[in-house]
Amino acid sequence: MGQKVNPIGLRLGITKTWTSRWYAERDFKDKFLEDQKIKKAIKSKVYYAGISKIEIERKRNKMTVNIYAAMPGIIIGRKGAEVEKLKEYIKTLTDSNVTINVRDVSVPEKDAQLVAENIALQIEKRMPYRRVMKRAAYLALKKGAKGIKIQISGKLGGAEMARTEWIKEGRVPLSTLRADIDYGFAESLTQAGVIGIKVWVFNGMVSPK
């Protein structure tokens, strides 16, 4: 089962929590689609800041957006100018009063989403995919991860036939619900086609919430 489902969705309510936290009685669909639109807009606007995840909290007509980034300075800008522009842009997508909090990802080398995006970027630059995967796994373990699994699928190396390659270092117990598994997915746009990258990072056992 751990191979077939999203490891974060599998652990929701056990060791993981939702990235959108609010309650709606009637307009759930509208708010859900609004959240998706806001997350995609932020991701596209400040992609190179290394965004790990975006959390949205709602209380009545107030919305708090927490952005976790490897390079928060890019989002904040000089004297907070860039984050104000981003705030004004998000206000065009919602009727709520928006507050943005930018938080730092202290160890991006073992953040699954950032690892996946970094691998995708290097494959687009025509770096050898095996070397990129091995280096990413080595850095994650060096920075304190208990284990890491990286899987890439597509027309690797410009081949005509698509295939899947993966490496695993350390322990990655995907079926253990108490395991703190961080999961990330990214796509690399190459001349041969789209290459998908999946990353699982095991950070040790945690107590259920």
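Above this text is the structure in question.
Position numbers for residues count from 1 along each chain, tracking the sequence in the order it is written. Restriction of local features to residues with pLDDT of at least 70 applies here, the model being predicted, together with a cutoff of 80 or more for giving and counting side-chain atom pairs; totals for whole chains, interfaces and linings are based on all residues. Water and hydrogen atoms were dropped before computing side-chain values, which therefore reflect all heavy atoms in the structure.

Caption draft 1: Up close: the pattern of salt bridges. Between Lys or Arg on one side and Asp or Glu on the other, a salt bridge is scored when a side-chain nitrogen of the former is within 4 Å of a carboxyl oxygen of the latter. If you walk through the whole model with that rule in mind, you get eleven salt bridges. Between K16 and D180 there is a salt bridge, with its nearest N and O atoms 2.9 Å apart. In this pair, K16 is assigned in the loop between α1 (7–10) and β1 (20–21) and D180 in strand β7 (residues 179–189), connecting sequence segments 164 residues apart. Of the two residues, K16 and D180, neither departs from the other in class, the shared state being buried. K43 is paired through a salt bridge with E117; the nearest N and O atoms lie 2.6 Å apart. Here K43 is found in helix α2 (residues 28–45), whereas its partner E117 is found in helix α5 (residues 112–124), with 74 residues between them in sequence. Within the structure, one salt-bridge network assembled from shared partners comprises R21, K53, E55 and E57. The secondary structure listing takes helices from DSSP runs of H or I that are at least 4 residues long and strands from runs of E that are at least 2 residues long, numbered from the N terminus. Accessibility here uses a 1.4 Å probe with only protein chains present; expressed as a share of the type maximum, an area under 20% marks a residue as buried, one over 50% as exposed, and anything in between as partly exposed.

Caption draft 2: Inspection of the packing of α5 against helix α6 (residues 129–142) at higher detail. Here an axis means a line fitted to C-alpha atoms, over the contact stretch when the element is a helix, while the angle between two N-to-C directions is reported on a 0 to 180 degree scale. One can describe the packing of α5 onto α6 by two numbers: an axis separation of 10 Å at closest approach and a directional angle of 155°. It follows from the interaxial angle that α5 and α6 lie roughly antiparallel. Between α5 and α6 the crossing geometry is right-handed. Contact residues: V115, I119, Q122 and I123 in α5; Y129, V132 and A136 in α6. A breakdown of the residues in the contact of α5 with α6 according to their chemical character gives six nonpolar, one polar and no charged. Roughly parallel refers to an angle under 35 degrees, roughly antiparallel to one over 145, roughly perpendicular to one between 65 and 115, and oblique to any angle outside these ranges. Crossing handedness: left-handed means the near helix sits turned counterclockwise from the far one by under a right angle, and right-handed means the same turn made clockwise. By definition in these notes, contact holds between two residues if any of their heavy atoms fall within 4.5 Å. Residue classes follow a fixed rule: Ala, Val, Leu, Ile, Met, Phe, Trp, Tyr, Cys and Pro count as nonpolar, while Asp, Glu, Lys and Arg count as charged, and any other residue, Gly among them, counts as polar.

Caption draft 3: Molecular detail of the nonpolar core. Counting residues in hydrophobic clusters, the biggest one holds 23 residues, and the most contacted among them are I119, I123, I148, I150, I152, I197 and V199. Looking at this core, the elements with two or more residues in it are α5, α6, β5 (147–154) and β8 (194–205). Those residues in contact with I150 that sit more than four places away from it in its chain are I119, M133, A136, A137, E165, W166, I167, K198 and V199. What we call a nonpolar core is a set of buried Ala, Val, Leu, Ile, Met, Phe, Trp, Tyr and Cys residues that are connected through their side-chain atoms within 4.5 Å. Counting 17 residues, the second largest nonpolar core, distinct from the first, contains I51, A69, I75 and I90.

Caption draft 4: Layout of the sheet that holds β7. The antiparallel open sheet is built from four strands, whose spatial order is β6-β5-β8-β7. Single-partner strands in this sheet number two, and they are β6 (163–170) and β7. Sheet twist, expressed as the average angle between the axes of neighbouring strands with direction ignored, equals 10°. Two strands are said to pair when DSSP picks up at least two bridges between them. Bridge analysis of β7 against β8 gives ten bridges, and the strand direction is antiparallel.

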